[in-house]
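Letter by letter, the chains look like this.
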Amino acid sequence: DGGITQSPKYLFRKEGQNVTLSCEQNLNHDAMYWYRQDPGQGLRLIYYSQIVNDFQKGDIAEGYSVSREKKESFPLTVTSAQKNPTAFYLCASSIGQDEAFFGQGTRLTVV
Amino acid sequence: SQQGEEDPQALSIQEGENATMNCSYKTSINNLQWYRQNSGRGLVHLILIRSNEREKHSGRLRVTLDTSKKSSSLLITASRAADTASYFCATAPSGTYKYIFGTGTRLKVLA
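Described in the following lines is the structure provided in the data block. (Residues numbered from 1 in each chain as written. Chains lettered and ligands numbered in written order. Predicted model: local features only at pLDDT ≥ 70, side-chain atom pairs only at ≥ 80, totals over all residues. Heavy atoms only, no water.)

So, about the sheet that holds strand E7 (residues 64-66) of chain A. Residues and elements named next belong to chain A. Pairing within the open sheet is antiparallel, and its four strands lie in the order E1-E3-E8-E7. The open sheet is flanked by strand E1 (4-7) and E7, the only strands paired with a single partner. When the angles between neighbouring strand axes are averaged without regard to direction, this sheet yields 20°. Inspection of the sheet shows E1 paired to strand E3 (residues 19-25) by four bridges, in the antiparallel sense. Note on E3: the bridge partner recorded for Ile4 is Gln25. (Pairing = 2+ DSSP bridges. Helix = DSSP H or I, 4+ residues; strand = E, 2+ residues; numbered from the N terminus. Axes fitted to C-alpha atoms, helices over the stretch in contact; angles between N-to-C directions.)

Structural data, given as structure tokens:
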């Protein structure tokens, strides 16, 4: 089955820790995206990538880092510099500017 | 920088009624997309309308686009309880992949 998979579904982070959220797609999509969603809010763009080995900052990139070494993978690291990381994180992929396919999300909580 | 803004923020209607939600955006675009999100889940693509189109239909959905006013509307006809969800519009400035989502409209359809 083709799709986009995020893991883990739930993640707990201690203060000062870096954590990495996984996003994998087998749709052969060139573009991939990471969004953050806070309760009752819309989605805010963290990073996006149009092709392998290239990515751009979105509106709220501070405290986050990404890599795009493979077409199918776009992991997001939430660093200790992100002071308020508790949120729902969504990954998406698309062919060009056509419809985006979303993963089911990772809910990150700081403990 | 919020590219899109939806209104109303929340909408409550009876089953069988029509629901209309609006989206405004800021820059020139190649297309505008509407998505749906059930609580705590990923987003599902509903419909894409290109900048040279004025209206598009898909089942019970009707989308309009007015590029001169930088606005779009989504109409759901004969709503059902299962339509209860949040609805978002997404746009990217022309020539970019920087897809930004609006703040969303929370639709509740009462049985």
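So much for the structure itself; the text now carries on.
Next up on the list: the side chain of Gln25 of chain A. Residues and elements named next belong to chain A. Here Gln25 lies in strand E3. Under the relative-accessibility criterion, Gln25 is labelled buried at 4%. A distance of 3.0 Å separates the side chain of Gln25 from the backbone nitrogen of Leu27, its partner in a polar contact. Within polar-contact distance, the side chain of Gln25 engages the backbone oxygen of Lys71 at 3.1 Å. (Buried < 20%, exposed > 50% of the residue type's maximum accessible area, 1.4 Å probe, protein only. Polar contact = N/O pair within 3.5 Å; in protein donor to acceptor, adjacent residues only side chain to side chain.)

With that settled, consider the interface of chain B and chain A. Across the contact, 27 residues belong to chain B and 24 residues belong to chain A. Note on chain B versus chain A: buried area summed over both sides is about 2000 Å², and carbon and sulfur give 49% of it. Linking chain B with chain A are two salt bridges. The closest approach of N and O atoms between Arg50 of chain B and Asp98 of chain A, which form a salt bridge, is 3.5 Å. Seen at the junction of chain B and chain A, the total is eleven residue pairs in polar contact (both at pLDDT 80 or more). Elements with a minimum of two residues in the side of chain B that touches chain A: strand E4 (29-37), strand E5 (43-50), strand E9 (85-93) and strand E10 (100-101) of chain B. Of all the elements, E4 of chain B adds the most residues to the side of chain B that touches chain A, at five residues. (Contact = heavy atoms within 4.5 Å. Buried area = accessible area lost by both parts, 1.4 Å probe. Salt bridge = Lys/Arg side-chain N within 4 Å of Asp/Glu carboxyl O.)

Attention now moves to the state of the cysteines. Residues and elements named next belong to chain A. On inspection of all chains with the given rule, the structure shows two disulfides over all chains. The disulfide bridge from Cys23 ends at Cys91, spanning 1.9 Å between sulfur atoms. One quick way to see it: the torsion about the S-S bond of Cys23 and Cys91 is about -75°, and its sign makes the bridge left-handed. With Cys23 in strand E3 and Cys91 in strand E9 (residues 87-94), this residue pair connects regions lying 68 residues apart in the sequence. Under the relative-accessibility criterion, Cys23 is labelled buried at 1%. (Disulfide = S-S within 2.5 Å.)

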